[in-house]
Amino acid sequence: MSEDYVLELEHIRKEYPGVIALKDVTLQLRRGEILGLIGENGAGKSTLIKCCSGAVIPTSGKIKINGKEFTRMTPAAENGIAIIYQEFNNVGELSAAENMFLGRPILKKNGIVIDRKAMEEEAAKAFEQLNIKINPRTLVKNLSVGYQQMVEIAKAIQQNAQVLIMDEPSAPLTTNEVESMFKVVELLKSKGVSIIYISHRLEEIFRLSDRIEVIRDGEYVDTLITDKDPATIPNQVDDLIKLMVGREMTQKYPPRKPCVRDEVVIELDHVFGNGDEDISFKVHAGEVLGLGGLVGAGRTEIAQVIFGSRPKESGRIIFMGREINPKAPREAIDYGIALLPEDRKRHGALLTNSIKNNISMPIYERISKGTVIDSKTEKHTAERYREDIQIKCPSIHQLVKNLSGGNQQKVILAKWLAAQSKLTIFDEPTRGIDVGAKFEIYKLINDLVENGVAVLMISSEMEELIGMSDRIVVLAEGKMMGELQKDEFNADTIMSYASGVIPESKKEAV
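This structure is a prediction, so every number in the text was calculated from the model and none was measured.

Chemist: Just to check I follow, could you spell out the overall build of the protein for this structure?
Modeler: Summing up its helical and strand segments, the protein has 17 helices and 22 strands in all. A compact globule built from 510 residues would reach a C-alpha radius of gyration of about 24 Å, and the protein, at 24 Å, matches this within 12%. In terms of overall dimensions, the protein has a C-alpha envelope of 70 × 55 × 50 Å along the principal axes. The buried share of the protein, reckoned over its 510 residues, is 52%.

Okay, structure coming up:
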C-alpha cells in the first residue's frame, strides 16, 4: 500500500536518557490530503516532527517517502518535506526574498555573486501562486506576523515541497490572518500538496482536515475520518478529547466555590501609559477579573505597566491600600505582583536552566544567607511545588526547554507560588496548550483565588474568558469600553465592546 502514501512513519520510537519520547507511532499521509495531528502537550508531536525534519534520529522505526525507505531524514528539504514551526526561522533584517533563499542563494553566472534580482523574481512567483501580496524587497521585520508566516510557506512552495508540516500555525495570528492562512492551506491542498496540520484548536482541525490522527504518551492511539457535518461535530470533539487524554472530560472548566472578598488587592485609577488611556478597574482578593479585547486592544500593555516593565505616564496604581509606581519588574515582584507572560519561552522562563533554578529565581534573597544559597531549602521548595502542581518531569534538575508547553507553564506558575504573590496576572494562560493541560491550569487558577489571591486574566478565547471570569473588563484600541458582571456575560456584548462599539442594551447606562 506504500504507493498510496507520500509519507509513512512506521513504529517510530525515540528514547532519551531516562525518557521515552516516542514509544510506537505510525502515521500515513496520502497525496493531496490534510491530516490533522493532535495530542496533549508531551504526547510526542514535536519529537515526531523533528524525526521528519532530520533534527532527531529515531531509536527505531522506518520513514518512507514515496515508498523509499529511510532511517533518518537529512536534510528533509531534499526529500520534499518542509516544516513551518510555531517560532519562525526567518531573519528580520533580511528581505522576504533573501529569507526565502537563506542558505541556498541564487548566484550569477560567475558562481560567486548573489543574484538578488533573480531571487526577487522567484519569490514574486511563489507569492503569486499563493495569491498573496508581498513585496519581495520588504524586510521581514516590517511584515505582520501573518505575512511572515506566508514567507515561510512560500519558501516551502519554491522548494517544491510535497509534504508541508504546520506546527500550531494559527497560534500567533489575528483572526483575519488565520482566515488568510486557511485559504492558503486549502489552495495548497488543491495543488496536490500533502499537509500535516498540528493544532490544539479542534475547530480548525475539523474545518481543514480529511482525517485526524491522535497520539498519547508517545503512542499511536487512533485515526478518524473527519465528518464535517455540524450536527455531529460536538460528539466527535468529545470522542477526540477522550482519545487525547485517556479519560472522559465532563467539564471544560472546574467548579469554583464563591470566594470573592471585599478586599481590593489592586486598583487602577485613570491610568495612562504604554499606549493605554484612562484605564480604571479594581481586582478583589479571591476574584478572577477577565480582560477581554482583540489583538492590539492594549491588554498586555496595561499588564506591563502594572508589572513595571513599561512606564506609567499618569494616574494611580493602588496596591494593598497604598499607591505604588513600580519602575521595574523587580519592584513589582517585591510588592507581591506576578506576571505569567503570553510568550512563556521568551519572557516567562529560563529555558536552558533547570526546573529548580526557575522556581527559585524570585526567592533567592529569601532562601539565602548573605551571598550563599541554602541549597537544601531550594531543593525542598522546588520538590514541593513540583508535587503540588504535578509538573511531569524525571527530576527538578531537568531543563525547562525539554518540558511540554503545559508543564513549562506550570513551572512559571510554581515560581510565583513560591514567591507568595498577592496578584497574579495571566496573559493568555492556555495558548498552545491542549485541553487536558488547560483543565489543570484552570484548577490551579481556582486554587489561587480560593486562597485569596487576586487574578487578572487576559484571554483571546471567548469561551475561556466567560468560563473562568467573575467579572470582565473589555478594552479596544487602548481604551476601556465596558465592564460586565457574571450575569451579564454574553459573547455578542463582549465582541461589540472589543470592536469599539457600545451595545444598544448598554447605551442607556452610559
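We are not done yet, so read on.
Chemist: Just checking my understanding: could you explain the nonpolar core for this structure?
Modeler: The nonpolar side chains of a soluble globular protein tend to be buried with one another. Core analysis: the biggest nonpolar cluster contains 75 residues, and Phe281, Ile337, Ile359, Ile391 and Leu423 have the highest contact counts within it. When we break this core down by domain, the ones giving at least three residues each are domain 2 (263-336 + 422-510) and domain 3 (345-420). Discounting residues that sit within four places of it in the chain, Phe281 has contacts with Ile266, Glu267, Leu268, Leu289, Leu291, Leu456 and Val473. Grouped together as the second largest cluster of nonpolar side chains are 47 residues, Ala161, Met166, Ile212 and Leu240 included.

Chemist: Quick question: what am I supposed to make of unusual backbone geometry here?
Modeler: Most peptide bonds are trans, and most residues other than glycine sit at a negative phi. Here the phi dihedral of Asn131 falls at roughly 60°; this positive angle occurs in a residue that is not glycine. Considering the arrangement of structural elements, one finds Asn131 in the loop between helix H3 (116-129) and helix H4 (145-158). For Asn131, a relative accessible area of 63% gives the class exposed.

Chemist: Which parts of the structure should I look at to understand the domain arrangement of the protein?
Modeler: Note: interface size is frequently given as the accessible area lost on complex formation between the parts. As far as domains go, the protein holds domain 1 (1-80 + 201-247), domain 2 (263-336 + 422-510) and domain 3 (345-420). Its C-alpha centre places domain 2 at a distance of 26 Å from the equivalent point of domain 3. Taken together, the 13 residues of domain 2 in the interface contact 10 residues of domain 3. When domain 2 packs against domain 3, the two sides together hide about 990 Å² of surface, and 69% of this comes from carbon and sulfur. Considering only the side of domain 2, the residues that lose the most area to domain 3 are Ile333, Glu440 and Leu444, jointly responsible for 38% of the buried surface there. Inspection of the region where domain 2 meets domain 3 yields 1 salt bridge. When the shortest N-O distance is used, the salt bridge between Glu440 and Lys410 registers 2.2 Å. Put simply, domain 2 and domain 3 have 2 residue pairs in polar contact (both at pLDDT 80 or more) between them. Among the secondary structure elements, those contributing two or more residues to the side of domain 2 that touches domain 3 are helix H9 (329-335) and helix H14 (435-450). In terms of residue count, H14 provides more of the side of domain 2 that touches domain 3 than any other element does, 5 residues in total.

Chemist: Help me understand helix H5 (residues 175-190) in this model?
Modeler: Residues separated by three or four positions in an α-helix point in the same direction, a consequence of the helix having 3.6 residues per turn. Helix length check: H5 (16 residues) gives 23 Å between terminal C-alpha atoms against 22 Å at 1.5 Å per residue, within 8%. Along H5, the positions that sit buried rather than exposed are Glu177, Val178, Met181, Phe182, Val184, Val185 and Leu188. In an axial view of H5, the angular spread of the buried residues amounts to 165°, which keeps them on one side of the axis. More than 90 degrees from the buried face of H5, the exposed residues found are Thr175, Asn176, Lys183 and Ser190. Gly192 lies just past H5 and shows a positive phi near 95°.

Chemist: Help me understand the packing of aromatic side chains, please; the structure alone is not making it clear to me.
Modeler: Aromatic rings considered in pairs are described by the distance between their centres and by the relative angle of their planes. For the coordinates displayed, the defined rule picks out 2 aromatic pairs. Between Tyr253 and Tyr442, the ring centres sit 5.0 Å apart and the planes meet at 35°, which makes this aromatic pair tilted. Placement of the pair is Tyr253 in the loop between helix H7 (233-245) and strand S11 (264-273) and Tyr442 in helix H14, with a sequence separation of 189 residues. The class of Tyr442 is buried, set by a relative accessible area of 3%. Each ring, one from Phe307 and one from Trp416, has its centre 6.2 Å from the other, and the planes form 85°; the classification is edge-to-face. Of this pair, Phe307 sits in the loop between helix H8 (299-306) and strand S14 (314-319) while Trp416 sits in helix H13 (residues 405-418); the two residues are 109 residues apart in sequence, bridging distant segments of the chain. According to the relative accessible area criterion, Trp416 is buried, its value standing at 6%.

Chemist: How should H13 be read in this particular structure?
Modeler: In this model H13 runs 20 Å from its N-terminal to its C-terminal C-alpha over 14 residues, within 8% of the 20 Å that 1.5 Å per residue would give. Most of H13 sits out of view: 13 of its 14 residues are buried. The first or second residue beyond H13 is Gln420, which carries a positive phi of 55°.

Chemist: Would you mind going over the environment of Ser194 with me for this structure?
Modeler: Structurally, Ser194 can be placed in strand S8 (residues 194-198). In the structure, Ser194 is positioned 162 residues away from Gly32 in sequence and 4.4 Å away in space, judged by C-alpha atoms. Setting aside residues no more than four positions away along its own chain, Ser194 makes contact with Val6, Leu29, Arg30, Arg31, Gly32, Glu33, Gln162, Val163 and Leu164.

Chemist: I keep staring at the side chain of Arg211 and nothing clicks. Help me out?
Modeler: Structurally, Arg211 is set in strand S9 (residues 211-216). Engagement of the side chain of Arg211 in a polar contact is seen with the backbone oxygen of Gln28, the distance being 2.6 Å. Among all residues touching Arg211, those that are not within four sequence positions of it are Gln28, Leu29, Arg30, Glu33, Ile34, Leu35, Gly36, Thr223, Leu224, Ile225 and Thr226.

Chemist: What is the right way to read the pattern of salt bridges from this model?
Modeler: When charged atoms on two side chains of opposite charge get close, those side chains can pair. Taken as a whole, this structure holds 23 salt bridges when the rule is applied. Ionic pairing is found between Glu186 and Arg207, a salt bridge with its closest N-O pair at 3.9 Å. On the criterion of sequence distance, the pair formed by Glu186 in helix H5 and Arg207 in helix H6 (residues 202-208) is long-range, its members being 21 residues apart. When the shortest N-O distance is used, the salt bridge between Arg256 and Asp470 registers 3.2 Å. Here Arg256, found in the loop between H7 and S11, pairs with Asp470, found in the loop between helix H15 (462-468) and strand S21 (471-476); they are 214 residues apart in sequence, far enough to count as distant.

Conventions adopted
- Residues numbered from 1 in each chain as written.
- Predicted model: local features only at pLDDT ≥ 70, side-chain atom pairs only at ≥ 80, totals over all residues.
- Heavy atoms only, no water.
- Helix = DSSP H or I, 4+ residues; strand = E, 2+ residues; numbered from the N terminus.
- Rg over C-alpha atoms; globule rule 2.2 N^0.38 Å.
- Buried < 20%, exposed > 50% of the residue type's maximum accessible area, 1.4 Å probe, protein only.
- Core = buried A, V, L, I, M, F, W, Y, C linked by side-chain atoms within 4.5 Å.
- Domains from an automatic or database assignment.
- Contact = heavy atoms within 4.5 Å.
- Buried area = accessible area lost by both parts, 1.4 Å probe.
- Salt bridge = Lys/Arg side-chain N within 4 Å of Asp/Glu carboxyl O.
- Polar contact = N/O pair within 3.5 Å; in protein donor to acceptor, adjacent residues only side chain to side chain.
- Expected span 1.5 Å × (residues − 1).
- Arc of directions from axis to C-beta.
- Phe/Tyr/Trp six-rings, centres within 6.5 Å; stacked < 30°, edge-to-face > 60°.

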